[in-house]
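Architecture and fold: a report
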Amino acid sequence: MQTATGKVWRGVRGVLALVGLGSLLAACDPVNISELEEGVSTEADVRERFGAPENIWEGEDGAQIYEYNRQPEGNVNYMITIGPDGKMAALRQVLNPRTFAQVTPGMPMEAVRRMLGKPMKITNYTLKGETHYDWRYQEQPGVGETKVFTVVFDKDLKVVSTMSGPDMERIRN
């Protein structure tokens, strides 16, 4: 006989396992990255080290951009470009101030998602007619405290503004 408590415990264990898996994946990233070389490594090499991408975006000239998201627990999102020749053309960690500066008012949400990857959190403010997308990051990966970059969208999902501040969830914990 199954109890409600048993179901809840299995659900909690599943969530903890996913969080643990996400932490393990992020811990392996530096090793995986060091084993890949732009212009030499193949799509198969990338998938062998990183697994299936969370999302695949169409790039220029037939390239594909693989999204490897480490949110909500991690501080990075990787975009790996596979050229039309099947070789890795670029590997970028996109959650950084240089990329954030490219997010401008009026930009559609889809363009922001393609640029930064999946956010750690989406919050709707119905009365204000706004939606906030948050990404956790460090100004220099592996150095200093984590921060949150927020993009504020209007009801049409166009960028209104951006902001960056301390990661209050991490400070509280």
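So, here is what we can say about the structure in this document.

Cut-offs applied
- Residues numbered from 1 in each chain as written.
- Predicted model: local features only at pLDDT ≥ 70, side-chain atom pairs only at ≥ 80, totals over all residues.
- Heavy atoms only, no water.
- Helix = DSSP H or I, 4+ residues; strand = E, 2+ residues; numbered from the N terminus.
- Buried < 20%, exposed > 50% of the residue type's maximum accessible area, 1.4 Å probe, protein only.
- Contact = heavy atoms within 4.5 Å.
- Areas by Shrake-Rupley, 256 points an atom, 1.4 Å probe, with all protein chains shown as cover.
- Salt bridge = Lys/Arg side-chain N within 4 Å of Asp/Glu carboxyl O.
- Pairing = 2+ DSSP bridges.
- Phe/Tyr/Trp six-rings, centres within 6.5 Å; stacked < 30°, edge-to-face > 60°.
- Core = buried A, V, L, I, M, F, W, Y, C linked by side-chain atoms within 4.5 Å.

Helices and strands together make up the secondary structure of the chain, namely five helices and eight strands. Order of helices (α) and strands (β) in the chain, N terminus to C terminus: α-α-β-β-β-β-α-α-β-β-β-β-α. Taken over 173 residues, the chain has a buried fraction of 37%. Restricting the contact set of the chain to residue pairs at least 6 apart, pairs at least 24 apart contribute 38%. Looking at the chain as shown, the accessible area adds up to about 10,300 Å², and 56% of this sits on carbon and sulfur atoms.

It is worth spelling out the pattern of salt bridges at this point. As enumerated under the stated definition, the model contains 12 salt bridges in all. Among the salt bridges present, the one from Glu-54 reaches Lys-118, with a minimum N-O distance of 3.3 Å. Separated by 64 residues along the polypeptide, Glu-54 in the loop between helix H2 (43–50) and strand S1 (55–58) and Lys-118 in the loop between helix H4 (109–116) and strand S5 (121–125) bring together distant segments of the chain. A relative accessible area of 39% means that Lys-118 is categorised as partly exposed. Several salt bridges share partner residues, and in doing so they unite Lys-121, Arg-136, Asp-167 and Glu-169 into one network.

Among the six residues of strand S3 (residues 77–82), six are classified as buried, and the element is accordingly described as predominantly covered. Across the two faces of S3 the burial is the same, with Asn-77, Met-79 and Thr-81 and Tyr-78, Ile-80 and Ile-82 all buried. Judged from the six bridges that link them, strand S2 (residues 64–69) and S3 form a sheet pairing that is antiparallel. The partner of Ile-65 across the bridge, within S3, is Thr-81. Where S3 meets strand S4 (residues 88–93), five bridges bridge the pair, whose relative direction is antiparallel. When the bridges of S4 are listed, Ile-82 appears paired with Met-88.

Let's shift gears to the packing of aromatic side chains. With the rule as written, the count across this model stands at eight aromatic pairs. Between Phe-100 and Phe-149, the aromatic rings sit 3.9 Å apart at their centres with planes inclined by 5°, giving stacked as the arrangement. Placement of the pair is Phe-100 in helix H3 (residues 97–100) and Phe-149 in strand S7 (residues 147–153), with a sequence separation of 49 residues. Phe-149 matches Phe-100 in its accessibility class, with the two residues each being buried. Site record: aromatic cluster; members linked through ring pairs are Phe-100, Tyr-133, Trp-135, Tyr-137, Phe-149 and Phe-153.

In this fold, Pro-119 is placed in the loop between H4 and S5. Discounting chain neighbours no more than four positions away, the residues touching Pro-119 are Gln-71, Arg-113, Tyr-133, Asp-134 and Trp-135.

Nonpolar side chains in soluble globular proteins generally cluster together in the buried interior. Membership of the largest hydrophobic core comes to 19 residues, with the highest contact counts inside it found for Val-103, Val-112, Leu-116, Trp-135, Phe-149 and Val-151. For this core, the secondary-structure elements that each account for two or more residues are H4, strand S6 (130–137) and S7. Counting residues per element, this core draws most heavily on H4, which supplies four residues.

Residues apart from glycine generally show negative phi values, whereas peptide bonds are mostly found in trans. The residue after Gln-71, namely Pro-72, is reached through a cis peptide bond having omega 10°. Within the secondary structure, Pro-72 is located in the loop between S2 and S3. Notably, Asp-61 is not glycine yet its phi reads approximately 55°, a positive angle. Exposure remark for Asp-61: the relative accessible area of 71% places this residue in the exposed category. One non-glycine residue with positive phi stands out, namely Leu-157, at about 60°. For Leu-157, the location among the structural elements is in the loop between S7 and strand S8 (159–166). Here Leu-157 falls in the partly exposed class, since its relative accessible area comes to 30%.

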